[in-house]
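Structural description and commentary
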Amino acid sequence: VLRDELGYTGTKFGCGISICGACTVHVDGKPIRACVTTIEAVAGRQVTTIEAMDSNRIGQALQAAWIALDVPQCGYCQSGQIMSAAALLRQTPRPSDAQIDTAMAGNLCRCGTYNQSRAAIKDAAATRGA
């Protein structure tokens, strides 16, 4: 529905079984996998996609850090990565490496940019807190 009906192409379809994280969106502020979530399950709830991330401080800080640290390679997983990172920073403003690893564990990156993603999350946390 997000891509085909509403035209929100930032949310990617990856695996279709909730293991890659490319389709991560927020429902009422919590990260969920869109690929296994029915439209009925989100009726009356707030759904936020990557397209809205530039409208809040956390999203802006993450996007700036992603660019500054050259995180994306192929870029396919990046919207899901940023959505998971935003949920983490909203809940834990100064996460440890272990907290980042746990929060991001459901987002797979075929290019292996995990270290860059962790650095960008830390950068965004520092920037947002400044």
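Residues numbered from 1 in each chain as written. Predicted model: local features only at pLDDT ≥ 70, side-chain atom pairs only at ≥ 80, totals over all residues. Heavy atoms only, no water.

Focus: the packing of helix α1 (residues 57-68) against helix α2 (residues 78-91)
The geometry of α1 relative to α2 is characterised by a closest axis approach of 10 Å and an angle of 130° between their N-to-C directions. With respect to α2, the axis of α1 lies oblique. As for the relative orientation of α1 and α2, their crossing is right-handed in sense. Contacts between α1 and α2 pair Ile-58, Leu-62, Gln-63 and Trp-66 from the former with Gln-78, Gln-81, Ile-82, Ala-85, Ala-86, Leu-89 and Arg-90 from the latter. In the contact of α1 with α2, the residues fall into 7 nonpolar, 3 polar and 1 charged. (Axes fitted to C-alpha atoms, helices over the stretch in contact; angles between N-to-C directions. Helix = DSSP H or I, 4+ residues; strand = E, 2+ residues; numbered from the N terminus. Parallel < 35°, antiparallel > 145°, perpendicular 65-115°, else oblique. Left-handed = near helix turned anticlockwise from the far one by under 90°. Contact = heavy atoms within 4.5 Å. Nonpolar A, V, L, I, M, F, W, Y, C, P; charged D, E, K, R; others polar.)

As for the sheet that holds strand β1 (residues 24-27)
Hydrogen bonds between backbone groups are what pair the strands of a sheet, and the pairing can be parallel or antiparallel. Spatial strand order, β2-β1-β3: 3 strands in an open sheet with antiparallel pairing. The sheet terminates laterally at β2 (30-33) and β3 (47-48), the two strands that pair on one side only. In the sheet, β1 pairs with β2 via 4 bridges, with the strands oriented antiparallel. When the sheet's bridge partners are listed, Val-27 is paired in β2 with Lys-30. Sheet contacts for α2: β1, β2 and β3; angle to β1, the most-contacted strand, approximately 40°. (Pairing = 2+ DSSP bridges.)

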